[in-house]
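Residue-level structural notes
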Amino acid sequence: MEVLGIVGSMRKGQNTERLVQTAISEMLRLDGTIDSSLIYTSDLTCNPCRVICHKANCSVHPFQCSIDDDVMQVLERMKRADALVIGSPQYFRGPPSGFHAMIERMISMAFFYETAGLTHERSLLADKPCGLVAVAEYSTPQTILEYLHDFCLLLKMRPVALTAFPYLGVGGHGNLETDTVFSPLERARQLAERLLNAMLR
Ligand SMILES: Cc1cc2nc3c(=O)[nH]c(=O)nc-3n(C[C@H](O)[C@H](O)[C@H](O)COP(=O)(O)O)c2cc1C
């Protein structure tokens, strides 16, 4: 079994990665048979969706895109993994643009194929258990959690909710150590437990 972490931050080793890694480390601590790997979108080339090509490509060929960059490779690794932990910071009110380009392309592939209504193949990521992490400093991380949650639903994944605030996933708000409202490090460990249960079900 493998859990794949995706770090959407441009900064390696900082808050987003720390929370993604905390969740994954806790999963490995709870179950020593699990493998893990990490993707940094800052290492990738992810171009925006061209949209105008969908009728010849992703609308008729499920989860195929004509753009030659790293997005299809990430999608393949997401498909192979048994669970995902996806983390993104907030940059100027939204997610980092490189990370968003990847998300946009994956949503486009799912959306255009489904709305073309030609066939009814399952989403490539259907029922994939997925834990979410969002980090912000001045704004609430809830905005990015909602964005990531939407992404999961559009790809028909299974986002794992927390039983404590902010429910949709782990929220980092400012200093991860001292924040007692979002309690991100504690919630990352709670997320691990729930994701592990979802993965083994
Ligand atoms: C370019 C940039 C833009 C940012 N914009 C926002 C913002 O709009 N709202 C906010 O709350 N925090 C903003 N921040 C703060 C980050 O969300 C915060 O520093 C977070 O920890 C970054 O994630 P990282 O530690 O993984 O890099 C911004 C940070 C950077 C570097």
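Scroll up to find the structure.
Reference entry: report on the structure contained in this document. These figures come from a predicted structure and were not determined experimentally.

Looking at the pattern of salt bridges
In total, this model carries seven salt bridges according to the counting rule given. The residue Glu-76 makes a salt bridge to Arg-80 at a minimum N-O spacing of 4.0 Å. Taken as a pair, Glu-76 and Arg-80 lie in helix α2 (residues 71–80) at a separation of four residues, close to a single helical turn. The residue Lys-156 makes a salt bridge to Glu-114 at a minimum N-O spacing of 3.0 Å. Here Lys-156 is found in the loop between α4 (142–154) and β5 (158–159), whereas its partner Glu-114 is found in helix α3 (residues 97–116), with 42 residues between them in sequence.

Topic: a nonpolar patch on the surface
A surface patch of nonpolar side chains, amounting to about 300 Å² of accessible area, comprises Phe-165, Tyr-167 and Val-181. Along the chain, Phe-165 turns up in the loop between β5 and β6 (170–173). Residue Phe-165 is classed as partly exposed on the basis of its relative accessible area of 37%.

With respect to α2
Here α2 has its buried residues at Val-71, Val-74, Leu-75 and Met-78. In a view along the axis of α2, the buried residues occupy a sector of 100°, so they form one face of it.

A closer look at the packing of α2 against α3
At their nearest, the axes of α2 and α3 sit 10 Å apart, and the two run at 70° to each other. When the interaxial angle is binned, α2 and α3 end up roughly perpendicular. Between α2 and α3, the contacting residues are Val-71, Met-72, Val-74, Leu-75 and Met-78 on the first element and Met-102, Arg-105, Met-106 and Met-109 on the second. Looking at the contact of α2 with α3 residue by residue, the classes come out as eight nonpolar, no polar and one charged.

Details of the packing of aromatic side chains
Overall, the coordinates contain three aromatic pairs when judged by the stated rule. Aromatic side chains Phe-111 and Phe-112 sit 5.7 Å apart centroid to centroid with 70° between the ring planes, which places their arrangement in the edge-to-face category. Its relative accessible area of 43% is what places Phe-111 among the partly exposed residues. Between Phe-165 and Phe-182, the ring centres sit 4.9 Å apart and the planes meet at 40°, which makes this aromatic pair tilted. Note that Phe-165 is positioned in the loop between β5 and β6 and Phe-182 in the loop between β6 and α5 (184–200), a separation of 17 residues in sequence. Every member of this aromatic cluster is reached through a ring pair, and the members are Phe-165, Tyr-167 and Phe-182. Of note, Lys-12 hangs over the ring of Tyr-40, and the distance from its end group to the ring centre comes to 4.7 Å.

Observations concerning the nonpolar core
With 33 residues, the main nonpolar core has Ile-6, Met-78, Ile-86, Met-102 and Met-157 as its most contacted residues. For this core, the secondary-structure elements that each account for two or more residues are β1 (2–7), α2, β3 (83–89), α3, β4 (129–136) and α4. Broken down by element, the residue count for this core peaks at eight residues, all from α3. Sequence-distant contacts of Ile-6, that is, excluding residues within four places in its chain, are made with Val-20, Ile-39, Thr-41, Val-74, Met-78, Val-85, Ile-86, Gly-87, Phe-99 and Met-102. Judged by nonpolar contacts, the second largest core, of 25 residues, contains Tyr-40, Val-133, Val-160 and Met-199.

Here we look at the side chain of Lys-128
Along the polypeptide, Lys-128 turns up in the loop between α3 and β4. The buried charged residue Lys-128 lacks any salt bridge, with Asp-82 as its nearest oppositely charged partner at 6.2 Å. At 3.4 Å, the side chain of Lys-128 and the backbone oxygen of Met-78 are in polar contact. Only 2.7 Å separates the side chain of Lys-128 from the backbone oxygen of Ala-81, close enough to count as a polar contact. Those residues in contact with Lys-128 that sit more than four places away from it in its chain are Met-78, Lys-79, Ala-81, Asp-82, Ala-83, Leu-84, Met-157 and Arg-158.

What counts and how
- Residues numbered from 1 in each chain as written.
- Predicted model: local features only at pLDDT ≥ 70, side-chain atom pairs only at ≥ 80, totals over all residues.
- Heavy atoms only, no water.
- Salt bridge = Lys/Arg side-chain N within 4 Å of Asp/Glu carboxyl O.
- Helix = DSSP H or I, 4+ residues; strand = E, 2+ residues; numbered from the N terminus.
- Patch = residues over 30% accessible without salt bridge, like charges linked within 9 Å, V, L, I, M, F, W, Y side chains within 5 Å.
- Areas by Shrake-Rupley, 256 points an atom, 1.4 Å probe, with all protein chains shown as cover.
- Buried < 20%, exposed > 50% of the residue type's maximum accessible area, 1.4 Å probe, protein only.
- Arc of directions from axis to C-beta.
- Axes fitted to C-alpha atoms, helices over the stretch in contact; angles between N-to-C directions.
- Parallel < 35°, antiparallel > 145°, perpendicular 65-115°, else oblique.
- Contact = heavy atoms within 4.5 Å.
- Nonpolar A, V, L, I, M, F, W, Y, C, P; charged D, E, K, R; others polar.
- Phe/Tyr/Trp six-rings, centres within 6.5 Å; stacked < 30°, edge-to-face > 60°.
- Lys NZ or Arg CZ within 6 Å of the ring centre and 35° of its normal.
- Core = buried A, V, L, I, M, F, W, Y, C linked by side-chain atoms within 4.5 Å.
- Lys, Arg positive; Asp, Glu negative; His and termini not counted.
- Polar contact = N/O pair within 3.5 Å; in protein donor to acceptor, adjacent residues only side chain to side chain.

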